Amino acid sequence: MSTLMSKLQIDKTIDARGMACPGPLMNLIGAIRQGQVGQVFEVLSSDEGSKTDIPAWLTKARHDLVEVVQDNGYTHFIVRKAR
Amino acid sequence: MVDEKDKPLSLVMFSGTDDKLTAAAVLAVGAAVMGRPVNLFLQYYALDAFRVGKVKADHAISPEATESQAPIIRGHKGQHWSELLKQAKDVGEVNIQACALSMDMFGIGREDLDPMVDGIEGVAAFMASVSDGQVVFI
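(A) Here's a closer look at the packing of aromatic side chains. Tallying each qualifying case throughout the model produces six aromatic pairs over all chains. Their ring planes at 40° and their centres at 4.9 Å tell us that Phe14(B) and Tyr44(B) sit as a pair that is tilted. Here Phe14(B) is found in the loop between β1 (9-13) and α1 (18-33), whereas its partner Tyr44(B) is found in helix α2 (residues 44-49), with 30 residues between them in sequence. Here Phe14(B) falls in the partly exposed class, since its relative accessible area comes to 24%. Among the aromatic residues, those joined into a cluster by ring pairs are Phe14(B), Tyr44(B), Tyr45(B) and Phe137(B). The lysine or arginine in question, Arg17(A), covers the ring of Tyr74(A), its NZ or CZ lying 4.5 Å from the ring centre.

(B) Broad picture of the interface of chain A and chain B. Taken together, the contact between chain A and chain B spans 11 residues of the former and 13 residues of the latter. The interface formed by chain A and chain B holds two salt bridges in total. Ionic pairing is found between Arg33(A) and Asp90(B), a salt bridge with its closest N-O pair at 3.2 Å. Where chain A meets chain B, there are four residue pairs in polar contact (both at pLDDT 80 or more). At the level of elements, α1 (23-34) and α2 (50-61) of chain A are the ones that each hand at least two residues to the side of chain A that touches chain B. If one sorts the elements of the side of chain A that touches chain B by residue count, α1(A) sits on top with five residues. When its residues are assigned to classes, the side of chain A that touches chain B shows seven nonpolar, two polar and two charged.

Calculation rules
Residues numbered from 1 in each chain as written. Chains lettered and ligands numbered in written order. Predicted model: local features only at pLDDT ≥ 70, side-chain atom pairs only at ≥ 80, totals over all residues. Heavy atoms only, no water. Phe/Tyr/Trp six-rings, centres within 6.5 Å; stacked < 30°, edge-to-face > 60°. Helix = DSSP H or I, 4+ residues; strand = E, 2+ residues; numbered from the N terminus. Buried < 20%, exposed > 50% of the residue type's maximum accessible area, 1.4 Å probe, protein only. Lys NZ or Arg CZ within 6 Å of the ring centre and 35° of its normal. Contact = heavy atoms within 4.5 Å. Salt bridge = Lys/Arg side-chain N within 4 Å of Asp/Glu carboxyl O. Polar contact = N/O pair within 3.5 Å; in protein donor to acceptor, adjacent residues only side chain to side chain. Nonpolar A, V, L, I, M, F, W, Y, C, P; charged D, E, K, R; others polar.

Here it is as structure tokens:
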């Protein structure tokens, strides 16, 4: 497993590996809606669409994309609920 | 001036096969999560797929799928189109309307439609909801 650069404590990990587009994004949206401002979420996704969809949605919804790390066959997205 | 990205997306859903219903549902959920109002206008075979008790039935796939593609589409692990539409309604502003003409043609009443359908309207009302956004026909 690759090393994540951010030292943020992760409040919730969403393991969406194996889910088809747009499943991982929808799971992230659900978690952020239920979460508290400032909480940090990690999404694990093997869906190629997530690489574009998660950043696009975060920009639109004005939450922070802290870090994206490519792992073996999947991607980690570290996200902070900003508002 | 309305931001281009905030304009409604309006889909005329005509085809009633599971592949096209899924493709339409994916567009709807994508637009909904990006904050665009979504209007779905159900006509012909798509309307028939929204009948109570028929939503989860096998609606086959469109004829353009080849013999080798058909089993791939049928076996895909993605979510059912009705679940995608429910998610779209949950996160965004999604209005699903049945075409009055198609209702009449197939002899379908309001009580025959799945509750995710918000109402019945004519084409002029649909065009009013389209406003300055795009129309996609599938």
